[in-house]
Amino acid sequence: MATRVAMGAVFLVLVVASSSSSPALASNEEGDALYALRTRLSDPNGVLQSWDPTLVNPCTWFHVTCDHASRVVRLDLGNSNISGSIGPELGRLVNLQYLELYRNNLIGEIPKELGNLKNLISLDLYANRLTGPIPKSLSKLNSLRFMRLNNNKLAGSIPRELTKLSNLKVIDLSNNDLCGTIPVDGPFSTFPLRSFENNNRLNGPELQGLVPYDFGC
Ligand SMILES: *[C@@H]1O[C@H](CO)[C@@H](O)[C@H](O)[C@H]1NC(C)=O
């Protein structure tokens, strides 16, 4: 009898040990990252109510979309009346393709950790109250096609490193507090000036061949 109990205990330990190394853990890490985001946000309309951290992964949570392998590929929280700061946790959602946080009341800086989202196609943070600089790390987002950061309070210059984003098709940095000059290389040769309008301290396109005098404005 005692042996049977002991064996049962050993079995239980083995089950627990093996489940902690199963693929479900990978998606749980993404669930943990999303739940960390939830805890820092204020959510008066209850759009995050279904975000239950005890579920095996976040794939059934509202506004979260996973692929066939239970990896989080979309976060759709535009127009959700959420407030608070974004924080570094989102940088752990390395499979994310669409980050849609537009038209909320988000404050604070854009975390440099978003530069870890190598699969990101669309970064939509427009119409919030974000401050601070545009992180240079966003130049690591090689898959990025859409970057809309307009209608915030972003300051500083447009990082020259962003000219490396060869897949970028659309950028909107209008209605911020950016300064310096507008890059002209890479994809920036195709963007219309209205993508940069209403930045009172932005001086227009940089002159080719000249180092902009206000590089570090
Ligand atoms: C957004 O939340 C605020 C409370 O923070 C509330 O007063 C307001 O009615 C909400 N707006 C919408 C459109 O739900």
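Residues numbered from 1 in each chain as written. Predicted model: local features only at pLDDT ≥ 70, side-chain atom pairs only at ≥ 80, totals over all residues. Heavy atoms only, no water.

- For the chain, the Subcellular location (unreviewed entry) comment in UniProt is given as "Membrane". (UniProt positions renumbered as here; feature names shortened; annotations may be inferred.)

A closer look at the packing of aromatic side chains
Moving on, step 1. In total, this model carries 4 aromatic pairs according to the counting rule given.
Moving on, step 2. When the ring of W51 is compared with that of W61, the centres are 5.2 Å apart and the planes differ by 25°; the resulting orientation is stacked. With W51 in the loop between strand 1 (41-42) and strand 2 (64-66) and W61 in the loop between strand 1 and strand 2, the pair connects residues that are 10 residues apart, well separated along the chain.
Moving on, step 3. The buried category is assigned to W51, whose relative accessible area is 1%.
Moving on, step 4. Where F188 meets F196, the ring centres are 6.2 Å apart and the plane angle is 25°; that geometry is what we call stacked. With respect to burial, F188 and F196 carry one shared label: buried.
Moving on, step 5. What links up through ring pairs into an aromatic cluster is the set F188, F191 and F196. (Phe/Tyr/Trp six-rings, centres within 6.5 Å; stacked < 30°, edge-to-face > 60°. Helix = DSSP H or I, 4+ residues; strand = E, 2+ residues; numbered from the N terminus. Buried < 20%, exposed > 50% of the residue type's maximum accessible area, 1.4 Å probe, protein only.)

Concerning the site of the ligand
Moving on, step 1. The ligand sits among P44, N45 and N81.
Moving on, step 2. Here an oxygen atom of the ligand and a side-chain polar atom of N45 are 2.9 Å apart.
Moving on, step 3. Between the ligand and N81 there is a distance of 2.4 Å, counted from an oxygen atom to a side-chain nitrogen or oxygen.
Moving on, step 4. Here the ligand has 370 Å² of accessible area as a free molecule, and 27% of this is covered by the chains. (Near = heavy atom within 4 Å. Polar contact = N/O pair within 3.5 Å; in protein donor to acceptor, adjacent residues only side chain to side chain. Areas by Shrake-Rupley, 256 points an atom, 1.4 Å probe, with all protein chains shown as cover.)

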